[in-house]
Amino acid sequence: MFGNDRIQMRRFFTETWRKARVGEALIPLEQMLADIIRQHPEYHALLEAPDSALDKDFLPDLGGTNPFLHMGMHISLQEQVGTDRPAGIRQLYRQAVLQAGDSHTAEHQMMECLGKMLWEAQRENRMPDEQAYLRCIQALLGR
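Residues numbered from 1 in each chain as written. Predicted model: local features only at pLDDT ≥ 70, side-chain atom pairs only at ≥ 80, totals over all residues. Heavy atoms only, no water.

**Considerations on the overall build of the chain**
Then, number 1: Scanning the chain from terminus to terminus reveals eight helices and zero strands.
Then, number 2: If you list the helices and strands of the chain from N to C, you get α-α-α-α-α-α-α-α.
Then, number 3: Relative to its length of 143 residues, the chain is compact, with a C-alpha radius of gyration of 16 Å against a globular reference of 15 Å.
Then, number 4: Across its three principal axes, the chain shows a C-alpha extent of roughly 45 × 35 × 25 Å.
Then, number 5: Within the chain, the proportion of its 143 residues that are buried is 36%.
Then, number 6: Taking the contacts inside the chain whose residues are at least 6 apart along the sequence as the reference set, 57% of them involve residues at least 24 apart.
Then, number 7: Total accessible area computed for the chain in this model is approximately 8500 Å², and 52% of it derives from carbon and sulfur atoms. (Helix = DSSP H or I, 4+ residues; strand = E, 2+ residues; numbered from the N terminus. Rg over C-alpha atoms; globule rule 2.2 N^0.38 Å. Buried < 20%, exposed > 50% of the residue type's maximum accessible area, 1.4 Å probe, protein only. Contact = heavy atoms within 4.5 Å. Areas by Shrake-Rupley, 256 points an atom, 1.4 Å probe, with all protein chains shown as cover.)

As structure tokens, then:
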């Protein structure tokens, strides 16, 4: 799934959703993605029409949200929590879930910090600042 080929990465999303819908066996990453897709019914039609989804541009200037980026950020957060990297993210996630009432809402809140960290790193051509990321999440939690 990972790499620089946008169409190949997007095909992983559409193919995972197809397999999930027809009940085919899924590898763990596909299962994680299928669960994320189930939580986003607003993207189902797009994923069920891969020919129109694979090469589509989602421009923020036009008010568009990139569903692949959005769901990819969910995957990133879940992977971070699973590995507790950066160190301490798992505990912050648990606190965010308790505060938000459910994991999906907590992830959406935490994605603001993740997106900010990635945007700043890209803008400044440097590695992401994990400590700033953790501080942003702590601020979300009122700590």
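**Thoughts on the packing of aromatic side chains**
Then, number 1: One pass over the full model with this rule turns up two aromatic pairs.
Then, number 2: Ring geometry for F13 versus F68: centroids 5.5 Å apart, planes at 90°, classification edge-to-face. You can see F13 sitting in helix α1 (residues 6-22) and its partner F68 sitting in helix α5 (residues 67-83), a full 55 residues away along the chain. Note on accessibility: F13 and F68 belong to one class, buried.
Then, number 3: An aromatic cluster is built from F13, F58 and F68, whose rings are joined through pairwise contacts. (Phe/Tyr/Trp six-rings, centres within 6.5 Å; stacked < 30°, edge-to-face > 60°.)

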